[in-house]
Amino acid sequence: MKQAIMIGAGNIGRGFIGALLEKSGYHVTFADVAENLISAINERKSYTVHIQDKVQDQWTVTNISGISSAGPELVAAIAGDCELITTAVGLRILPIVAKPIAAGIRARKEAGSTKILNVVACENAIRGTSQLREAVYTNLSKEEQAYAKAYVGFADCAVDRIVPKASFENPLDVAVEQYTEWDVEKAGWKGELPDIQGLGWVDNLDAYLERKLFTLNSGHAICAYLGTLKGHKTIVESIADPAISHLVHQAMWESGEGLIRKFGFDPDAHHAYIERIFARFQNPFLADETARVAREPIRKLAPTDRLIKPLTTAYGYGLPVDHLIFGAAAALRFDLPEDEQSAEMMKKIETEGVEKALANYTGLTPDHPLFGRILDVYRALGLSMQK
């Protein structure tokens, strides 16, 4: 039987990647540092994935086992007949899990194994697998690196599925939205491409990474910042506000036109994608808090992130950006003292002025045509808040 190791047995690991692998005929070994979670997996030997969306469904995952990711069990599992390793642990943890992965590769080399192993980091990050590969290689000798280059594939991917908070009688059960996307870049994979439900093989991952950034991440953030300004507590509340709904939808279309120009996406297919993403914001089961989505505004205002890059890309093609501008303007008004970046941003605006903050965080210069337009909307939002 095909063997896969899912490092990270949290909701994403169980409800998304691990569930798809098990559904595709793999025995999935979950590896995690949470001993109670691993014990529950080994004792219960199954859990249910509940789809909570306009269409509701469920299925049971049974072909599973659990091991600790903190001890020798994980190294032994990798050294055995494992053919696929996936992760869902967060970018910060990847250098930690790189060590047992490297040890497992070393053991495979010492055993003379020529069986192909592939690694896919399913993280909410740009080319997380490449970052994991670099961390793994730092733990390998030159000879071991040469072995890994011959027999271990590291394929970058883009993942997208929202896992709402929920509680069930079985603590392993997990709720997910119906929508799912898992795009894996062919170039990094070694050997034959397997047929895995829900996984799509792509040639140019950058196009899909930016598609998500410009559509889901951008629309989500704009909805959160505008919703926060109007006192809405959740994304569902915010998108139900007609003014916010219209603005977010139009912003997503503006960013979409930039993507179509840049990557040559089929317009009809991309417009349909926008509508699918927009519909996700309206899912009543995804009670995502606006404050959570809006956190870390400095990071989200960076030149390569979800607010500025879609804006400058569309503008660079001479396209309308009247609605996209609201994202950056509203982010500059996100005032949440308990969020470190928000507090830092508010202090900078108070002491140095919003112009300095806009330039520092976005990389836009005062002579850029978008600079003054963002400030105009920023000031207009301030006036509307005073009414």
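What counts, and at which threshold
One numbering rule holds for all chains: residues counted from 1, following each sequence as written. Side-chain atom pairs in this predicted model are given and counted only at pLDDT of 80 or more, local residue features only at pLDDT of at least 70, and totals for whole chains, interfaces and linings cover all residues. Computation of side-chain values covers all heavy atoms of the structure but excludes hydrogens and water. Using a 1 Å grid laid over the protein atoms alone, points where a 1.4 Å probe fits but cannot get out form a cavity; open sets with protein on both sides within 12 Å along at least 5 of 7 lines form a pocket; any residue with an atom within 4 Å of a point counts as lining. Grid points are joined across faces, edges and corners, and a volume is the space filled by probe spheres set on the points. Here the term charged refers only to Asp, Glu, Lys and Arg, the term nonpolar to Ala, Val, Leu, Ile, Met, Phe, Trp, Tyr, Cys and Pro, and the term polar to all other amino acids, Gly among them. Strands are runs of DSSP state E lasting at least 2 residues, helices are runs of H or I lasting at least 4, and numbering of each runs from the N terminus. Between buried and exposed lies partly exposed: a residue is buried under 20% and exposed over 50% of the maximum accessible area for its type, with that area taken using a 1.4 Å probe on protein chains only. In this context, the arc is that of the directions from the helix axis out to the C-beta atoms. Inter-axis angles, ranging from 0 to 180 degrees, are taken between N-to-C directions of lines fitted to C-alpha atoms, where helices are fitted over the stretch in contact. What makes a crossing left-handed is the near helix being turned counterclockwise from the far one by less than a right angle; a clockwise turn instead makes it right-handed. Throughout, a residue-residue contact means that at least one pair of heavy atoms, one from each residue, lies within 4.5 Å. Residues counted as positive are Lys and Arg, residues counted as negative are Asp and Glu, and His and the chain ends are not counted. Salt bridge, as applied in this entry: a Lys or Arg side-chain nitrogen positioned within 4 Å of an Asp or Glu carboxyl oxygen. Stacked, tilted and edge-to-face are the three classes applied to pairs of Phe, Tyr and Trp rings, where Trp contributes its six-membered ring and a pair requires centres within 6.5 Å; stacked means planes under 30 degrees apart, edge-to-face means over 60, and tilted covers the rest. Charge over a ring is defined by NZ of Lys or CZ of Arg lying within 6 Å of the ring centre and within 35 degrees of the ring normal. Strands were regarded as paired on the criterion that DSSP finds at least two bridges between them.

A. Structural detail: empty space enclosed by the protein. One pass over the full model with this rule turns up three cavities of 30 Å³ or more. Approximately 50 Å³ is the volume attributed to the largest cavity. If you trace the largest cavity, you find it lined by I162, H220, I235, R280, F281, L286 and D288. Taken together, the residues that form the lining of the largest cavity break down as four nonpolar, one polar and two charged.

B. Just the layout of surface pockets, in detail. As a volume, the largest pocket reaches approximately 1600 Å³. Contributing to the lining of the largest pocket are 49 residues, with N124, K212, N217, R292 and R306 lying nearest its centre. Those elements giving two or more residues to the lining of the largest pocket turn out to be α1 (11–23), β9 (157–160), α7 (205–229), α11 (290–294) and α12 (297–300). Taken together, the residues of the lining of the largest pocket break down into 23 nonpolar, eight polar and 18 charged.

C. Focus on helix α6 (residues 142–151). Of the residues making up α6, those classed as buried are E144, Y147 and A148. Along the axis of α6, the buried positions cluster into a sector of 100 degrees, meaning they face one direction only. Turned more than 90 degrees away from the buried face of α6 sit K142, E143 and K149, all of them exposed.

D. The packing of helix α9 (residues 242–263) against helix α13 (residues 308–316), seen in detail. One can describe the packing of α9 onto α13 by two numbers: an axis separation of 8 Å at closest approach and a directional angle of 65 degrees. Pair α9 / α13 crosses with left-handed handedness. Two secondary-structure elements touch here, α9 through E254, S255, G258 and K262 and α13 through K309, P310, T313 and A314. Class assignment of the residues belonging to the contact of α9 with α13 gives a composition of two nonpolar, three polar and three charged.

E. Fine view of the environment of A40. Inspection of the secondary structure puts A40 in helix α2 (residues 35–44). As a C-alpha pair, A40 and D160 span 120 residues in sequence and 26 Å in three-dimensional space. When neighbours within four sequence positions are excluded, A40 is seen to be in contact with K45 and L172.

F. Here's a closer look at the side chain of E123. In this fold, E123 is placed in the loop between β7 (117–121) and α5 (128–137). Lacking a salt bridge, the buried E123 has K212 as its closest oppositely charged neighbour, with an N-O distance of 10 Å.

G. Structural context of α13. I308, P310, L311, T313 and A314 are the residues of α13 that are buried. Once α13 finishes, G318 follows within two positions and takes phi at roughly 75 degrees, a positive value.

H. Fine view of the environment of E338. Examined against the element boundaries, E338 turns out to sit in the loop between α14 (325–331) and α15 (340–352). We classify E338 as exposed; its relative accessible area is 57%. Note: C-alpha distance between E338 and R161 (177 residues apart in sequence) is 27 Å.

I. Structural view of the packing of aromatic side chains. Under the counting rule described, the total for this entry stands at eight aromatic pairs. Ring centres 5.0 Å apart and planes at 75 degrees place the aromatic pair W189 and W201 in the edge-to-face group. Residue W189 is found in the loop between β11 (181–185) and β12 (199–202), and its partner W201 is found in strand β12; the two are separated by twelve residues along the sequence. Judged by its relative accessible area of 11%, W189 is buried. Among the aromatic residues, those joined into a ring-pair cluster are Y208, F263 and F265. Over the ring of Y273 we find R211; its NZ or CZ atom is 3.8 Å from the centre of that ring. Over the ring of Y378 we find R333, and its NZ or CZ is 3.8 Å from the ring centre.

J. Spatial organisation of the sheet that holds β12. The sheet built from three strands is open, its strands ordered β9-β11-β12 with mixed pairing. With one partner strand each, in any of the chains shown, β9 and β12 form the two edges of the open sheet. Direction aside, neighbouring strands of the sheet carry axes that sit 20 degrees apart on average. Of the pairings in the sheet, the one linking β9 to β11 comprises four bridges and is antiparallel in character. When the sheet's bridge partners are listed, C157 is paired in β11 with V184.

K. Structural detail: the sheet that holds strand β4 (residues 57–61). What the three strands build is an open sheet, ordered β4-β3-β10; its pairing is mixed. This sheet does not close on itself; its edge strands, each paired only once, are β4 and β10 (174–176). Averaged over neighbouring strand pairs, the angle between their axes works out to 25 degrees when direction is ignored. By the bridge criterion, three bridges tie strand β3 (residues 47–51) to β10 in an arrangement that is parallel. Across the sheet, H50 pairs through a bridge with A175, a residue of β10. Across the sheet, α1 is in contact with β3, β4 and β10; its angle to β3 comes to roughly 105 degrees.

L. Quick look at the pattern of salt bridges. The tally for this structure, following the rule as stated, stands at 20 salt bridges. E144 is the salt-bridge partner of R106, the closest N and O atoms lying 3.0 Å from each other. On the criterion of sequence distance, the pair formed by R106 in helix α4 (residues 94–110) and E144 in helix α6 is long-range, its members being 38 residues apart. In this structure R106 comes out as partly exposed when scored by relative accessible area, which is 25%. Here E177 makes a salt bridge to R280, at a shortest N to O gap of 2.4 Å. Residue E177 is found in the loop between β10 and β11, and its partner R280 is found in helix α10 (residues 267–280); the two are separated by 103 residues along the sequence. Comparing E177 with R280, the two get one shared label, buried. Each of R127, D156, E185 and D206 takes part in salt bridges that share partners, so that together they form one network.

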